Structures are given as structure tokens and as C-alpha cells.
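Structure at a glance
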Amino acid sequence: MNAAHVTEAIIPVTGLSQVRWGRRELGVSGCPDIADATWASVQNMISDASLPEHELTATSSTVVYQNRWMTVREDRTLRHDGAEGLYGVVHKPDFSLIVPYADGGFHLVEQYRYPVGARYWEFPQGTWEDRPDTDPLALARGELEEETGLTAGTLTPLGHLYEAYGYCDQGFHVVLATDLTAGEPDLDDEEAGLVSRWFSEADVWKLIAGGRFKDAASVAALGLFQHHRATGG
């Protein structure tokens, strides 16, 4: 076992002291069976079999606000130990986030984000509120063409994540787009002022460091892209 191939980490676990585990660095070969077995054992230790499947259940639910994009509800809750509570939940349909990769860099979009009062760069992304059950790849293809004018010859799913599951059930599908062909964007009214531009991968990291790329979903997608590339995807 080559120690250079393994990263050491400490994970605090509720009810346990500490768990030390070995995990392969991304893209580095060596001892995969040991690393994967160790990771599986950590997952098993973190999972508490004594807990019910649903630790918190709703005893009542009231919709307090609704529009075409979201529903906000207030739930009275009951914990498995008998404690009662109140939980606000935002429901939004899942969206697709596209990582358009070409020539060692990415096509990003910049638009004004009203809740934070500023413009930032991010990966193209979106949902179709009138068709929430649209196939994620079809949605990714459509949003990419709409926002950037690019047509993808190849779409590769990289994973599904939740954006803010402390209060919202919305998730997003990360899709890598390659073999790109340029075209004209077709922006809708809500996307007025959106611009698209290619950045080298190094420049994307400079945007993040400089506070010009702050979309958490896009940063997470960049991590999935790097993992995909490092593992030979």
C-alpha cells in the first residue's frame, strides 16, 4: 500500500469519538479495494440503525404562499421521540445545470440575480415550470440552447444534488455538455440581460476566488466535473 495514494481525514460522528479513514485522491490509482472497503465501513458506522426511516413527520401542512415557480408551506411536525415542532418548506421543481466544456474551458452565463442585487457568472441552468417531469437531459439540452445558443453533441449525466435541503426540496441534475456547436440564444423575458462567454478553466477559478462566481450549485457542479475527469470519465 503506497501512502502517497491515500488521503487521511478525520470525520466527527455523533455518538462515536472519531473515525479515521483512508480515501484515494481523485485520479490517483492504487489500492482501490482497500479504499472503497474503508469508505463503506465508515458509511455503515455513520448510519444509526436504531433511528426510524422518517425521523420527522408532518401532522398538518398549510400552504402559505404559492405562485407558478414555488409553493411555500408550513408544517406542524412530530419527531420520533415525541417532540413537536414547526417547519417551513419551499417546494420547487428540480432543474438541470449544464457544464458546457470545450477547448479546456467552460461557457458561462452572467445575469442579474434580484434577491442578492448583483450580477454573477454561473453555469447555464433552469427548469420548465409547466413541464416539471421533463427528462433532465432534454431539459439540459433545451436550457443550454436557450441561454447560450450552443447545441451539445454529447450530454453526460454527472449526478443529482440538492441545492438547499435545510428548507427547500429542490434538487438539480448536473449534466456535462461536450461536442458543442455555436448558435443563437433564445432568451425568455425573465432572462433579459443575460450574457454568455467562454472562460478558461484557470480563469473560472479566478472568478471564484474574486467573488464573481458565487452560485453554490455551479461550484458543486465544477467539483463533479473534476471528479468525472479525474476518474477517467
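The text that follows walks through the structure, step by step, so that each part is easy to find. (Residues numbered from 1 in each chain as written. Predicted model: local features only at pLDDT ≥ 70, side-chain atom pairs only at ≥ 80, totals over all residues. Heavy atoms only, no water.)

**As for unusual backbone geometry**
Here the phi dihedral of D103 falls at roughly 55°; this positive angle occurs in a residue that is not glycine. Here D103 shows up in the loop between β6 (95-102) and β7 (105-113). With a phi close to 55°, D179 is a non-glycine residue in the positive phi region. Positionally, D179 belongs in strand β11 (residues 171-181). (Helix = DSSP H or I, 4+ residues; strand = E, 2+ residues; numbered from the N terminus.)

**Structural notes on the pairing of β7**
For β7, a buried count of 7 out of 9 residues is recorded, marking the element as mostly surrounded by other parts of the structure. The pairing of β6 with β7 spans 2 bridges and is classified as antiparallel. Following the sheet pairing, A102 is matched in β7 by G105. Count of turn residues in the β6/β7 antiparallel hairpin: 2 residues, of which D103 carries a positive phi of about 55°. Both β7 and strand β12 (residues 195-200) contribute to a ladder of 6 bridges, which runs antiparallel. Paired with F106 across the strands is F199, a residue of β12. Pairing of β7 with strand β8 (residues 118-122) involves 5 bridges; the strand directions are antiparallel. Each residue of the ladder has a partner; that of Y112, found in β8, is R119. (Buried < 20%, exposed > 50% of the residue type's maximum accessible area, 1.4 Å probe, protein only. Pairing = 2+ DSSP bridges.)

**Here we look at the layout of surface pockets**
There is about 1500 Å³ of room inside the largest pocket. Lining of the largest pocket is provided by 36 residues; of these, K92, Q111, R113, Q125 and E129 occupy positions nearest its centre. Of all the secondary-structure elements, those providing two or more residues to the lining of the largest pocket are β7, β8, β9 (125-126) and α2 (136-148). Classifying every residue of the lining of the largest pocket by side-chain character gives 15 nonpolar, 5 polar and 16 charged. There is about 280 Å³ of room inside the second largest pocket. Lining the second largest pocket are 13 residues, with R73, Y87, V89, Y165 and D169 positioned closest to its centre. If you list the elements that add at least two residues to the lining of the second largest pocket, you get β3 (56-66), β4 (71-79) and β5 (84-91). In terms of residue class, the lining of the second largest pocket is built from 7 nonpolar, 3 polar and 3 charged. (1 Å grid on protein atoms, 1.4 Å probe; cavity = no way out; pocket = protein on both sides within 12 Å on 5 of 7 lines; lining within 4 Å. Points joined across faces, edges and corners; volume = space filled by probe spheres on them. Nonpolar A, V, L, I, M, F, W, Y, C, P; charged D, E, K, R; others polar.)

**What about the pairing of β11?**
Relative to β11, β6 runs parallel, the two sharing 6 bridges. Paired with L97 across the strands is V174, a residue of β11. Examined bridge by bridge, strand β10 (residues 151-162) and β11 share 10 bridges and lie antiparallel to one another. Looking at the pairing, T156 lines up with L176 of β11.

**A closer look at the pattern of salt bridges**
Counted under the stated rule, the structure contains 7 salt bridges. The partner of R229 in a salt bridge is E201, with the nearest N and O atoms 2.8 Å apart. Remark: E201 occurs in helix α3 (residues 201-209) and R229 occurs in helix α4 (residues 216-230); sequence separation between them is 28 residues. A salt bridge links K206 to D203, with the nearest nitrogen and oxygen atoms 3.8 Å apart. Here D203 and K206 lie together in helix α3, a separation of 3 residues that amounts to about one turn. Looking at K206, the relative accessible area reads 57%, which means it is exposed. (Salt bridge = Lys/Arg side-chain N within 4 Å of Asp/Glu carboxyl O.)

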